[in-house]
Amino acid sequence: MMNEAERLQTWIERGSVNISQLFFQFYKELQISDTEAMLIMHLNAFLEDGNEFPTPANITQRMNLTEDRISENLQRLMQKGFMEIHQKLDDQGVLYEVINLMPLWRRLLDCVVVKNEKNEKEMTKLKEGNLFQLFEQEFGRFLSPMETEMISMWLDQDEHSPEVIRKALMEAVLSQKLSLRYIDRILFEWKKNNVKTTKDADNVSKQFRKNTIQKNTAQPEKKGTDQKPPSSNVPFYNWLDRHQ
């Protein structure tokens with residue numbers, strides 16, 4: 001299977017990705033001058049039109065540069081590793097030269113990947129920050145340094161996602177057992193059951209509650225008491241019961 005980089009490169013070659021948008025977004029970051037950027041866009045236009053080796057004479061008809069200046073800029077682009085000149089064989093077996101801009105597209109791809117990774121990290125930090133605020137909101141007070149450290153350990157050491165920790169917090173709130181010890185036990189059980197997503201957490205919780213209902217239903221009634229029959233619905237599971 002192709003990885004993300006290979007897929008994007010294929011899309012670029014097929015024209016599925018708008019090269020000009022990517023290029024104008026990142027060419028300054030690649031330290032390409034405005035003149036070089038315009039030259040690259042003209043080269044790309046020639047290539048798309050089927051002219052695989054536009055000459056300085058061809059390009060000067062479209063740009064306000066002399067052939068010498070165009071040649072200098074083409075040489076500079078090659079030195080920077082943004083373009084290459086390859087040889088191909090035509091149908092008669094004659095060698096001819098073509099300009100290849102794929103090195104530039106790969107550099108653009110690197111910029112896109114780095115930006116996406118940066119955005120993901122920023123989004124994760126934002127979610128983590130919101131998580132601490134949510135705990136303080138539910139606890140109705142500021143978290144102590146020890147509590148903050150415990151939540152950080154859930155994130156960093158236990159590698160729970162902010163979404164899963166939020167789900168455990170809500171489990172504790174609904175069960176009216178709002179304490180970090182209780183939430184820690186929930187996360188401990190979920191980690192043992194390989195919970196990675198909130199959907200996984202829902203499935204594990206439903207199974208635990210189902211087992212609790214079956215256990216309570218199976219207990220015999222005590223004679224001579226006013227004990228009510230077991231409820232057919234146990235809304236929440238006491239995660240601490242398993243270890244007391």
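Residues numbered from 1 in each chain as written. Predicted model: local features only at pLDDT ≥ 70, side-chain atom pairs only at ≥ 80, totals over all residues. Heavy atoms only, no water.

## Let's talk about the overall build of the chain
Then comes step 1: Counting secondary structure elements, the chain contains 10 helices and two strands.
Then comes step 2: Taken from the N to the C terminus, the helices and strands of the chain come in the order α-α-α-α-α-β-β-α-α-α-α-α.
Then comes step 3: Out of the 244 residues in the chain, the part that is buried amounts to 32%.
Then comes step 4: Considering only contacts in the chain between residues 6 or more positions apart, those separated by 24 or more positions represent 53%.
Then comes step 5: With an accessible surface of roughly 16,300 Å², the chain has 48% of that area assigned to carbon and sulfur atoms. (Helix = DSSP H or I, 4+ residues; strand = E, 2+ residues; numbered from the N terminus. Buried < 20%, exposed > 50% of the residue type's maximum accessible area, 1.4 Å probe, protein only. Contact = heavy atoms within 4.5 Å. Areas by Shrake-Rupley, 256 points an atom, 1.4 Å probe, with all protein chains shown as cover.)

## Quick look at helix α6 (residues 102-139)
Then comes step 1: Here α6 is 38 residues long and its end C-alpha atoms lie 55 Å apart, about the 56 Å a rise of 1.5 Å per residue gives.
Then comes step 2: Residue Gly 140 follows α6 closely and has a positive phi angle near 70 degrees. (Expected span 1.5 Å × (residues − 1).)

## Some remarks on the pairing of strand β1 (residues 84-89)
Then comes step 1: The pairing of β1 with strand β2 (residues 95-100) spans six bridges and is classified as antiparallel. Note that in β2 the partner of Glu 84 across the bridge is Asn 100.
Then comes step 2: Here β1 folds back onto β2 in antiparallel fashion, the turn holding five residues, of which Gly 93 has a positive phi close to 80 degrees. (Pairing = 2+ DSSP bridges.)

## Side note on the nonpolar core
What tends to happen in soluble globular proteins is that the nonpolar side chains get buried as a cluster.
Then comes step 1: Phe 23, Ile 32, Leu 39, Leu 43, Ile 59 and Leu 104 are the most contacted members of the largest nonpolar core, which totals 29 residues.
Then comes step 2: Those elements giving two or more residues to this core turn out to be α2 (19-26), α3 (34-48), α5 (67-79) and α6.
Then comes step 3: Those residues in contact with Ile 59, other than ones at most four positions away along the chain, are Leu 39, Leu 43, Phe 46, Pro 54, Ile 70 and Leu 74.
Then comes step 4: Membership of the second largest hydrophobic core comes to 24 residues, among which are Leu 131, Phe 132, Leu 187 and Ala 201. (Core = buried A, V, L, I, M, F, W, Y, C linked by side-chain atoms within 4.5 Å.)

## Here's the deal with the packing of aromatic side chains
Then comes step 1: With the rule as written, the count across this model stands at five aromatic pairs.
Then comes step 2: When the centroid spacing of 5.3 Å and the interplanar angle of 20 degrees are considered together, the rings of Phe 23 and Tyr 27 count as stacked.
Then comes step 3: What links up through ring pairs into an aromatic cluster is the set Phe 23, Phe 24 and Tyr 27.
Then comes step 4: Arg 62 extends its terminal NZ or CZ atom over the ring of Phe 46, reaching a point 3.9 Å from the ring centre. (Phe/Tyr/Trp six-rings, centres within 6.5 Å; stacked < 30°, edge-to-face > 60°. Lys NZ or Arg CZ within 6 Å of the ring centre and 35° of its normal.)

## Things to note about a nonpolar patch on the surface
Then comes step 1: On the surface, a nonpolar cluster with roughly 210 Å² of combined accessible area is contributed by Phe 53, Met 78 and Ile 85.
Then comes step 2: Relative to the helices and strands, Phe 53 resides in the loop between α3 and α4 (56-60).
Then comes step 3: Exposure remark for Phe 53: the relative accessible area of 30% places this residue in the partly exposed category. (Patch = residues over 30% accessible without salt bridge, like charges linked within 9 Å, V, L, I, M, F, W, Y side chains within 5 Å. Salt bridge = Lys/Arg side-chain N within 4 Å of Asp/Glu carboxyl O.)

## What about the confidence of the model for the chain?
Then comes step 1: Mean pLDDT for the chain: 83, with 79% of residues reaching 70 or above.
Then comes step 2: Here residues 228-236 scores under 50 on pLDDT; set against residues more than four positions off or in separate chains, the count is 12 contacts. (pLDDT = per-residue confidence, 0-100.)

## With respect to unusual backbone geometry
Then comes step 1: A positive phi angle is found at Glu 159, which is not glycine, with a value near 60 degrees.
Then comes step 2: Checked against the element boundaries, Glu 159 lands in the loop between α7 (145-156) and α8 (162-174).
Then comes step 3: For Glu 159, a relative accessible area of 65% translates into the label exposed.
Then comes step 4: Residues other than glycine seldom take positive phi values, yet Gln 176 does so here, at roughly 55 degrees.
Then comes step 5: Mapped onto the secondary structure, Gln 176 falls in the loop between α8 and α9 (180-192).

## Overview of α7
Then comes step 1: In a regular helix each residue adds 1.5 Å, so 12 residues correspond to 16 Å; α7 covers 16 Å between its end C-alpha atoms and thus fits that length.
Then comes step 2: Looking at α7, one finds that the buried residues are Glu 147, Ile 151, Trp 154 and Leu 155. One side of α7 carries all its buried residues, which in axial view fall inside an arc of 100 degrees. Of the exposed residues in α7, the ones pointing more than 90 degrees away from its buried face are Pro 145, Met 146 and Asp 156. (Arc of directions from axis to C-beta.)

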